[in-house]
Amino acid sequence: ETQRATVTEITVTSASLVTFKLGAVQVVWGGQGREDTKLKVLQALLPTKPAVIDVSAPDTPVTR
(Lines give C-alpha, C1' and ligand atoms only; values in the text may rest on other atoms or scores of the structure.)
Protein backbone atom coordinates (compact mmCIF):
# COMPACT_ATOMS: atom_id res chain seq x y z
CA GLU A 1 0.00 0.00 0.00
CA THR A 2 2.93 2.40 0.50
CA GLN A 3 3.58 2.59 -3.26
CA ARG A 4 0.19 4.16 -3.84
CA ALA A 5 1.52 7.43 -2.42
CA THR A 6 4.24 7.63 -5.09
CA VAL A 7 2.04 7.19 -8.18
CA THR A 8 2.47 10.45 -10.08
CA GLU A 9 0.77 9.86 -13.44
CA ILE A 10 -1.80 7.40 -14.78
CA THR A 11 -2.52 6.93 -18.49
CA VAL A 12 -5.38 4.82 -19.78
CA THR A 13 -4.98 4.34 -23.53
CA SER A 14 -7.68 1.66 -23.64
CA ALA A 15 -9.26 -0.82 -21.27
CA SER A 16 -6.37 -3.19 -21.95
CA LEU A 17 -3.51 -0.67 -21.71
CA VAL A 18 -3.02 1.15 -18.43
CA THR A 19 0.35 2.68 -17.58
CA PHE A 20 1.46 4.74 -14.60
CA LYS A 21 4.54 6.29 -13.05
CA LEU A 22 5.65 4.89 -9.71
CA GLY A 23 8.19 7.44 -8.59
CA ALA A 24 10.65 7.51 -11.52
CA VAL A 25 9.61 4.08 -12.87
CA GLN A 26 7.16 3.78 -15.76
CA VAL A 27 4.87 0.80 -15.14
CA VAL A 28 2.97 -0.88 -17.97
CA TRP A 29 0.12 -2.58 -16.12
CA GLY A 30 -1.95 -3.72 -19.09
CA GLY A 31 -5.61 -4.46 -18.52
CA GLN A 32 -7.75 -6.06 -15.87
CA GLY A 33 -6.97 -9.46 -14.47
CA ARG A 34 -4.25 -11.10 -12.39
CA GLU A 35 -3.79 -7.98 -10.28
CA ASP A 36 -2.34 -9.92 -7.33
CA THR A 37 0.29 -11.55 -9.55
CA LYS A 38 1.13 -8.27 -11.29
CA LEU A 39 1.57 -6.55 -7.94
CA LYS A 40 3.88 -9.29 -6.61
CA VAL A 41 6.01 -9.18 -9.78
CA LEU A 42 6.12 -5.37 -9.64
CA GLN A 43 7.23 -5.40 -6.01
CA ALA A 44 9.93 -7.95 -6.81
CA LEU A 45 11.30 -5.92 -9.73
CA LEU A 46 11.16 -2.41 -8.23
CA PRO A 47 14.40 -2.82 -6.21
CA THR A 48 16.32 -3.41 -9.47
CA LYS A 49 15.63 0.26 -10.32
CA PRO A 50 14.65 -0.13 -13.99
CA ALA A 51 13.27 2.77 -16.06
CA VAL A 52 10.29 0.66 -17.19
CA ILE A 53 8.55 -2.41 -15.74
CA ASP A 54 6.01 -4.14 -17.95
CA VAL A 55 3.79 -6.51 -15.96
CA SER A 56 0.98 -6.64 -18.54
CA ALA A 57 1.92 -10.32 -19.02
CA PRO A 58 3.01 -11.12 -15.45
CA ASP A 59 4.40 -14.56 -16.30
CA THR A 60 6.91 -12.89 -18.63
CA PRO A 61 7.59 -9.42 -17.18
CA VAL A 62 9.94 -7.07 -19.01
CA THR A 63 12.24 -4.42 -17.57
CA ARG A 64 14.38 -1.87 -19.36
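Computed from a prediction, not measured in an experiment: that's the story for all the values here. (Residues numbered from 1 in each chain as written. Predicted model: local features only at pLDDT ≥ 70, side-chain atom pairs only at ≥ 80, totals over all residues. Heavy atoms only, no water.)

> Can you help me understand unusual backbone geometry in this one?
The phi dihedral of Arg 34 falls on the positive side, at around 60°, and the residue is not glycine. Overall, the relative accessible area of 42% leaves Arg 34 in the partly exposed class. One non-glycine residue, Lys 49, adopts positive backbone phi at about 55°. Along the chain, the position of Lys 49 falls in the loop between helix H1 (35–45) and strand E4 (52–54). Under the relative-accessibility criterion, Lys 49 is labelled exposed at 71%. (Buried < 20%, exposed > 50% of the residue type's maximum accessible area, 1.4 Å probe, protein only. Helix = DSSP H or I, 4+ residues; strand = E, 2+ residues; numbered from the N terminus.)

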